[in-house]
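Working through the structure, step by step
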Amino acid sequence: MSYPGYPPAGGYPPAAPGSSPWGGAAYPPSNPPPIGLENVAGYANQFNPSHMAGMASNLAGTFGGANLPQSMYPSTPGGYPPVPAGGFGQPPPGQQPSYGGYAPPGGNPPSGMPAYPGYSPVPGQPTPPPAQQPMGYPGIPATHPGQQPMPSYPAGPAVNPSMPSYSGAAGPAVTPVTHGNRGTITDAPGFDPLKDAEVLRKAMKGFGTDEQAIIDCLGSRSNKQRQQIILSFKTAYGKDLIKDLKSELSGNFERTILAMMKTPVMFDAYEIKEAIKGVGTDENCLIEILASRSNEHIQELNRVYKAEYKKTLEEAIKSDTSGHFQRLLISLAQGNRDESTNVDMSVVQRDVQELYAAGENRLGTDESKFNAILCARSRAHLRAVFSEYQRMCNRDIESSICREMSGDLEMGMLAVVKCLKNTPAFFAERLHKAMKGAGTKDRTLIRIMVSRSEVDLLDIRAEYKRMYGRSLYSDITGDTSGDYRKILLKLCGGND
């Protein structure tokens, strides 16, 4: 059976050597290895000679062998070119290598395209077989394990560019900075401010107050979400949520809830105002806030304080403090500490020598030198300074401060050093002191629990357990009571 036009008159055109319609080598190959059929014709006399001889010729022509029938392929004028030693190493001129294969070294690209790059072996890497190179895009050298990045991409940074080489006996042990949210309070999923506003309205409506509903609602929302609740409450009911909470709550429970409803910067401004007003000053509050907040936070604090209390933060500090302690607070209130993470050991050693010369190595103390270094240098730099100071002077910086200073200045400088060394441990110590002995410093307890609940309270809890052998949760439970205890434990987030 045949179809019109098939096969074509005059036979098929000759196939180009080394190529096929599918892009592979021509088939059958020019000089294939024998597969054991060469002698089949020799056995023909044992059987039907004419039948076996014809079958042998057909098989040899199909599978390869010495008895290839000359009439199987049409002849080519002048014959095919001789096969070079090792076979055809590259496509004929003007032909692109077949897709999926390796481009030959210096192969022939399509017309108008630049030549393919040769393969440069990488020291220590296996070499591809001859006439073969790793697959790559035309014009782009292939990349192998251990090879440098391509020039079009910038090289990656050094492993730790912030720590230079150190020539001393041992490098400074700088405490790593913990990044990210280590707070116990996070954004509540599926948050609906109108629904929360309704919950709070029902909790305060009518006779009595459902304090537990208020604790469950506000104690499970982030500060940002609480601000949305305030707005939604006024939108839905035309009333001020803060005024309603003040009228319904009392004591330390009220103070804690109201602290939670302020933004972090507004709460700090309020605490500083409260620490300064009236007889006496809560110096611990001032130094705690100014020593532990970021530059950005302190700069915003300056703006909020001026807008809220019609007086600059610096004016407020000057009105209620004096001497070197005042200078320390004003320096910190600038929010201008170097925030670089680079540590130059030559500057570190110079600062150590200057601190030693300003304190231990002279009669009297140059407080201004301590002030300049502790308030202006970066946290990473000062951690290296403290470590190097101990190595060079056989005494930690805190001991030198205690020996050289006294009163509020000593307390302030120690707070700065402790906060820079390990902020969670600094707050763990402050919490322990607030609950230790007879009575509780509730303002300090509330301020730290509220202000650190979305920052690093998880780390503070861990440091508290490490330093005092008891959990923060258990000490709060034993030192407080009622709804005040419940809201603090809610902020604490769990027992360790």
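These figures come from a predicted structure and were not determined experimentally.

The rules behind each value
Residues numbered from 1 in each chain as written. Predicted model: local features only at pLDDT ≥ 70, side-chain atom pairs only at ≥ 80, totals over all residues. Heavy atoms only, no water. Axes fitted to C-alpha atoms, helices over the stretch in contact; angles between N-to-C directions. Helix = DSSP H or I, 4+ residues; strand = E, 2+ residues; numbered from the N terminus. Parallel < 35°, antiparallel > 145°, perpendicular 65-115°, else oblique. Left-handed = near helix turned anticlockwise from the far one by under 90°. Contact = heavy atoms within 4.5 Å. Nonpolar A, V, L, I, M, F, W, Y, C, P; charged D, E, K, R; others polar. Expected span 1.5 Å × (residues − 1). Buried < 20%, exposed > 50% of the residue type's maximum accessible area, 1.4 Å probe, protein only. Lys, Arg positive; Asp, Glu negative; His and termini not counted. Salt bridge = Lys/Arg side-chain N within 4 Å of Asp/Glu carboxyl O. Phe/Tyr/Trp six-rings, centres within 6.5 Å; stacked < 30°, edge-to-face > 60°. Lys NZ or Arg CZ within 6 Å of the ring centre and 35° of its normal. pLDDT = per-residue confidence, 0-100.

On to the packing of helix 2 (residues 193-204) against helix 3 (residues 211-218), then. Here helix 2 crosses helix 3 at 160 degrees, and the two axes come no closer than 8 Å. One way to sum up the angle between helix 2 and helix 3 is to call them roughly antiparallel. For the element pair helix 2 and helix 3, the recorded crossing hand is left-handed. Along the contact surface, helix 2 presents D196, V199, L200, A203 and M204, while helix 3 presents A213, I214, C217 and L218. Residues of the contact of helix 2 with helix 3, tallied by class, amount to 8 nonpolar, no polar and 1 charged.

Before going further, it helps to examine helix 16 (residues 407-421). Taking 1.5 Å per residue as the helical rise, helix 16 with its 15 residues ought to reach 21 Å, and the 21 Å between its terminal C-alpha atoms agrees with that figure. Among the residues making up helix 16, those that are buried are L409, G412, M413, L414, A415, V416, V417, C419 and L420. Looking at the buried positions of helix 16, the neighbouring elements they touch are helix 8 (283-292), helix 11 (323-333), helix 13 (367-376), helix 14 (379-393), helix 15 (397-404) and helix 17 (423-435).

Next up on the list: the side chain of E367. Mapped onto the elements, E367 comes out in helix 13. Despite its burial, E367 pairs with no opposite charge; the closest candidate is R327, at 6.9 Å N-O.

Quick look at the packing of helix 17 against helix 18 (residues 442-451) now. Helix-helix packing is described using two parameters, namely the angle between the two axes and the distance between the axes. Their axes nearest at 9 Å, the elements helix 17 and helix 18 cross at an angle of 150 degrees. When the axes of helix 17 and helix 18 are compared, the pair comes out roughly antiparallel. You can see that helix 17 and helix 18 cross each other, and the crossing is left-handed. For the pair helix 17 and helix 18, contact is made by F427, R430, L431, A434 and M435 and by T444, L445, R447, I448 and M449, respectively. Grouping the amino acids of the contact of helix 17 with helix 18 by side-chain chemistry returns 7 nonpolar, 1 polar and 2 charged.

Looking now at the packing of aromatic side chains. Under the counting rule described, the total for this entry stands at 4 aromatic pairs. Taking 5.1 Å as the distance between ring centres and 65 degrees as the angle between the ring planes, the aromatic pair formed by F426 and F427 counts as edge-to-face. Taking NZ or CZ as reference, R201 lies 5.6 Å from the ring centre of Y237, over its face. Lying across the ring of Y270, K262 places its NZ or CZ 4.5 Å from the centre.

Turning to the side chain of T444, a few remarks are in order. Within the secondary structure layout, T444 lies in helix 18. You can call T444 buried: its relative accessible area is 9%. Excluding its chain neighbours within four sequence positions, the residues that come into contact with T444 are E288, R430 and A434.

Here we come to the pattern of salt bridges. Oppositely charged side chains can form a pair if their charged atoms are brought close together. Counted under the stated rule, the structure contains 28 salt bridges. Residues D268 and R293 are paired through a salt bridge, measuring 2.9 Å at the closest nitrogen-oxygen approach. Here D268, found in helix 7 (residues 264-276), pairs with R293, found in the loop between helix 8 and helix 9 (295-309); they are 25 residues apart in sequence, far enough to count as distant. Just as D268 is buried, R293 falls in that class too. One salt bridge connects R303 with E300, and the closest N-O pair in it is separated by 2.7 Å.

In this model, the protein chain carries a mean pLDDT of 79, and residues with pLDDT of at least 70 account for 64%. Throughout residues 65-69 the model reports pLDDT below 50, and contacts reaching past four residues in sequence, or to other chains, amount to 10 contacts.

Let us look at the environment of G412. Take G412: it is sitting in helix 16. When its relative accessible area of 0% is taken as the criterion, G412 is described as buried. Between the alpha carbons of G412 and A291 there is a distance of 8.6 Å; along the sequence they are 121 residues apart. Those residues in contact with G412, other than ones at most four positions away along the chain, are I287, F325 and L328.

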